[in-house]
Amino acid sequence: MQASPNLSIASHRPRPVDTAALARRLAALVESALIDEATLSPKPGLVDMRGSGAHHDLNWALMTHSAQALRPAFEAMALAGAQIEAPLALRERIGLLGREGEAAMLRATGGVNTHRGAIWALGLLVTAAAQAPHTPDAASVAVRAGWLARLTDRHAPRQTGHKGEQACNDYGVGGAKGQARAGFPHVVNAALPALRHARAAGMREDHARVDALLAIMATLDDTCVLARGGAQALHAVQAGATCVRAAGGLATQSGRRAFRLLEKTMMARHVSSGGAADLLAATLFLDRLPVNANEADGARFAHKENAYGEA
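The structure reproduced in this document is the subject of the present report. (Residues numbered from 1 in each chain as written. Predicted model: local features only at pLDDT ≥ 70, side-chain atom pairs only at ≥ 80, totals over all residues. Heavy atoms only, no water.)

**Some thoughts on the overall build of the chain**
Logical step 1: Across its full length, the chain holds 15 helices and 0 strands.
Logical step 2: Every one of the 311 residues in the chain was classed for burial, and the buried ones make up 49%.
Logical step 3: Restricting the contact set of the chain to residue pairs at least 6 apart, pairs at least 24 apart contribute 71%.
Logical step 4: Here the chain displays about 14,400 Å² of accessible surface, and carbon together with sulfur accounts for 54% of that area. (Helix = DSSP H or I, 4+ residues; strand = E, 2+ residues; numbered from the N terminus. Buried < 20%, exposed > 50% of the residue type's maximum accessible area, 1.4 Å probe, protein only. Contact = heavy atoms within 4.5 Å. Areas by Shrake-Rupley, 256 points an atom, 1.4 Å probe, with all protein chains shown as cover.)

Written as structure tokens, this is what we have:
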């Protein structure tokens, strides 16, 4: 007996979405990604569980506190993505929420910039994830985020005076804005494949995440490095990250030697790959999203927030 056309259509109709619950879940995933990025050790020049890296004003506790303080902003951006259909209105709404989130971050950290770049990158991604919860795969989310990033926020300041912006002007690179407008290619085409390849090869999870970070560092024109050390420092960081990966990463003795050399070079130059760290957090966020709509309706989507959020 042939199924009724109406029943067939209804069976394939997407389930209604509880937008408030969706926003909470996505914000929890962002928070846990930020905390996992800060916690990952060892990372060359960056804050980790060993210490402050090349920074004098950052530490793991401050980074964690910042991530927790930003969760309401990410939840609000996700809610906007789920509820606002007009593209320009959505872009300007999340722009405002991002600026408010930055102010909340600075209040929480006593004026220290812990996650400015991450607010931009993950704010776009969490909004894009909420826009189409039945199309949650990383590539689709990154494409939607890139489309949002290319819209003009009429209320955003034309100049911020931030070091990353100045580095873009000085060295002619795209920076965080260019990365987002291009649809996060260093996340989708470098970090995520590196992370998943390392896992498939049997590498430990922490080593796999470091390999994903190094995959970003190897080719990213990181404005944090440029602002601190200039073009020569960026070349040294990119070459060093490439050498570590070529030697097998932290899973091999030769890779660990190359890693120590890279870290020594970065510490001597007082540089930190902050832009790569933000993109690693974006990578961890996208990695935790379901790969298809069926999983989005299932337990995997809700469970990924257990480490730091509400299950």
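**A word on the pattern of salt bridges**
Logical step 1: For the structure shown, the criterion picks out 16 salt bridges.
Logical step 2: A salt bridge links Arg209 to Asp36, with the shortest nitrogen-to-oxygen separation between them at 3.7 Å. Within this pair, whereas Arg209 is found in helix 10 (residues 205-217), its partner Asp36 is found in helix 2 (residues 19-39), the two being separated by 173 residues in sequence.
Logical step 3: A relative accessible area of 12% means that Asp36 is categorised as buried.
Logical step 4: Of the charged contacts, one joins Arg245 and Asp211 as a salt bridge, the two residues approaching to 3.1 Å between their closest N and O atoms. Of this pair, Arg245 sits in helix 11 (residues 223-246) while Asp211 sits in helix 10, and the two are 34 residues apart along the sequence.
Logical step 5: A network of salt bridges, in which partner residues are shared, links Asp36, Arg196, Arg199, Glu205, Arg209, Asp287 and Arg288. (Salt bridge = Lys/Arg side-chain N within 4 Å of Asp/Glu carboxyl O.)

**Quick look at the nonpolar core**
Logical step 1: Among the nonpolar cores identified, the biggest contains 80 residues, and Leu26, Phe74, Leu122, Phe184, Met217, Phe285 and Leu286 are the most heavily contacted of them.
Logical step 2: Looking at this core, the element that brings in the most residues is helix 5 (residues 116-131), giving 10 residues.
Logical step 3: If you look at the next biggest cluster of nonpolar residues, it comprises 6 residues, including Val47, Leu62, Met63 and Val112. (Core = buried A, V, L, I, M, F, W, Y, C linked by side-chain atoms within 4.5 Å.)

**A look at the environment of Leu289**
Logical step 1: Topologically, Leu289 is positioned in the loop between helix 13 (274-287) and helix 14 (293-296).
Logical step 2: Residue Leu289 is classed as buried on the basis of its relative accessible area, which comes to 2%.
Logical step 3: Sequence separation of Leu289 and Leu26 is 263 residues, and the distance between their C-alpha atoms is 8.8 Å.

**Things to note about helix 6 (residues 138-149)**
Logical step 1: Here helix 6 is 12 residues long and its end C-alpha atoms lie 16 Å apart, about the 16 Å a rise of 1.5 Å per residue gives.
Logical step 2: Residues of helix 6 that are buried include every one of Ala138, Val141, Ala142, Arg144, Ala145, Gly146, Leu148 and Ala149, and no others.
Logical step 3: Tucked into the core, helix 6 has its buried residues touching helix 4 (87-109), helix 5, helix 8 (175-181), helix 9 (185-200) and helix 13. (Expected span 1.5 Å × (residues − 1).)

**So, helix 2**
Logical step 1: In this model, helix 2 (21 residues) spans 30 Å end to end at C-alpha, consistent with the 30 Å of a helix rising 1.5 Å per residue.
Logical step 2: N-capping of helix 2 is provided by Asp18, with a side-chain oxygen placed 3.3 Å from the backbone N of Ala20. (Polar contact = N/O pair within 3.5 Å; in protein donor to acceptor, adjacent residues only side chain to side chain.)

**Section: the side chain of Asp153**
Logical step 1: In this structure, Asp153 sits in the loop between helix 6 and helix 7 (163-171).
Logical step 2: For Asp153, a relative accessible area of 8% corresponds to the buried category.

**Looking at the packing of helix 11 against helix 12 (residues 253-269)**
Logical step 1: One can describe the packing of helix 11 onto helix 12 by two numbers: an axis separation of 8 Å at closest approach and a directional angle of 165 degrees. Classified by the interaxial angle, the pair formed by helix 11 and helix 12 is roughly antiparallel. Read as a crossing pair, helix 11 and helix 12 show a hand that is left-handed. Residues Gln232, Ala233, Ala236, Val237, Gly240, Ala241, Cys243 and Val244 of helix 11 touch helix 12, and the partners they reach there are Gly255, Ala258, Phe259, Leu262, Thr265, Met266 and Arg269.
Logical step 2: For the contact of helix 11 with helix 12, the class distribution of residues is 10 nonpolar, 4 polar and 1 charged. (Axes fitted to C-alpha atoms, helices over the stretch in contact; angles between N-to-C directions. Parallel < 35°, antiparallel > 145°, perpendicular 65-115°, else oblique. Left-handed = near helix turned anticlockwise from the far one by under 90°. Nonpolar A, V, L, I, M, F, W, Y, C, P; charged D, E, K, R; others polar.)

**Some remarks on the packing of helix 9 against helix 10**
Logical step 1: The N-to-C vectors of helix 9 and helix 10 enclose an angle of 150 degrees; their axes lie 8 Å apart at closest approach. Taken together, helix 9 and helix 10 sit at an angle that is classed as roughly antiparallel. In terms of crossing hand, the pair formed by helix 9 and helix 10 is right-handed. Residues His186, Ala190, Ala191, Ala194, Leu195, Ala198 and Arg199 of helix 9 form the contact with helix 10, whose participating residues are Glu205, Ala208, Arg209, Asp211, Ala212, Ala215 and Ile216.
Logical step 2: Here the residues of the contact of helix 9 with helix 10 sort into 9 nonpolar, 1 polar and 4 charged.

**A few points about the environment of Arg269**
Logical step 1: Within the fold, Arg269 resides in helix 12.
Logical step 2: For the pair Arg269 and Arg228, spaced 41 residues apart in sequence, the C-alpha to C-alpha distance is 8.3 Å.
Logical step 3: Apart from the residues lying within four places of it in its own chain, the contact partners of Arg269 are Gln232, Ala233 and Ala236.

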